Amino acid sequence: MTLAQETRYYSPAEYLELEVNSEIRHEYINGLIIPMTGGTPNHNQLAGNFYAELNFALKRQPYQVFVTDQRLWIPDKKIHTYPDIMVVKIPLEYQEGRKDTLVNPVMIAEVLSKSTKSYDRDEKFAAYRTIPTLQEYILIDQYTMHIEQFLKTDNNKWIFSEFNDAEENLNLGSIPCQISLADIYDKVDFTVDSADAT
């Protein structure tokens, strides 16, 4: 007979102490510490392309762009996470008592993977919507050319748009930026067998 292992819950402070000294990244969700898996080449290419386009478009603008390793705190849901791409209006605002964890993104983008796409669309988006400064959420498919855009309106509704064509432009509503799908998907190889991709 085996005994069920007791789930260990951590405080946000305990998580941050462990995370700062960890060699791999972890998400923190309401007391649980969850290791983050590595991405595929397509995932990394898409995140890199989108980051580069945003960073160039927002030069000398009052915004800062972050990719992959910047931690975000969502206080209403007690979540620490690392969005694939995040745009933050300057001045940066930090979690109380920290200088390495942000709280004020205006735009977040996630590259969808097979293991996280449901979470990114549902629970994670619900958590992101509790961030008062967030105006826009972008989901980028890595297996086919497909982008979903959610843009917040003044009355707290979200407008949904989707894009599937290399000739189309993604016009971001939260920041002054327009990017073609051809540029976002540059060097992404859809012929790679993605059956086991994360």
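Residues numbered from 1 in each chain as written. Predicted model: local features only at pLDDT ≥ 70, side-chain atom pairs only at ≥ 80, totals over all residues. Heavy atoms only, no water.

### Considerations on the sheet that holds strand β1 (residues 26-29)
Read across the sheet, 5 strands follow the order β2-β1-β5-β4-β7 without closing on themselves; strand pairing throughout is mixed. Of all strands in the sheet, those with a lone pairing partner are β2 (32-35) and β7 (101-102), marking the two edges. As paired strands, β1 and strand β5 (residues 79-81) are joined by 2 bridges and run antiparallel to one another. For Ile-29, the partnering residue across the bridge sits in β5 and is Ile-79. (Pairing = 2+ DSSP bridges. Helix = DSSP H or I, 4+ residues; strand = E, 2+ residues; numbered from the N terminus.)

### Let's talk about the nonpolar core
Phe-50 and Leu-54 are the most contacted members of the largest nonpolar core, which totals 27 residues. Mapped onto this core, the elements with two or more residues apiece are α2 (41-57), β3 (63-67), β6 (85-89), β8 (105-112), β9 (136-141), β12 (169-172), β13 (177-180) and α5 (181-184). Residue contacts for Phe-50: discarding those within four places in its chain leaves Ile-85, Met-107, Ala-109, Ile-138, Ile-140, Leu-170, Ile-179 and Ile-184. Core analysis: the second largest hydrophobic core is formed by 17 residues, Ile-74, Leu-112, Phe-125 and Leu-134 among them. (Core = buried A, V, L, I, M, F, W, Y, C linked by side-chain atoms within 4.5 Å. Buried < 20%, exposed > 50% of the residue type's maximum accessible area, 1.4 Å probe, protein only. Contact = heavy atoms within 4.5 Å.)

### Remarks on the environment of Tyr-10
Within the secondary structure, Tyr-10 is located in the segment before α1 (12-20). Distance from Tyr-10 to Arg-121, taken between C-alpha atoms, is 26 Å for residues 111 residues apart in sequence. Other than its neighbours up to four places away in sequence, Tyr-10 contacts Tyr-15, Leu-18, Tyr-28, Gly-31 and Ile-33.

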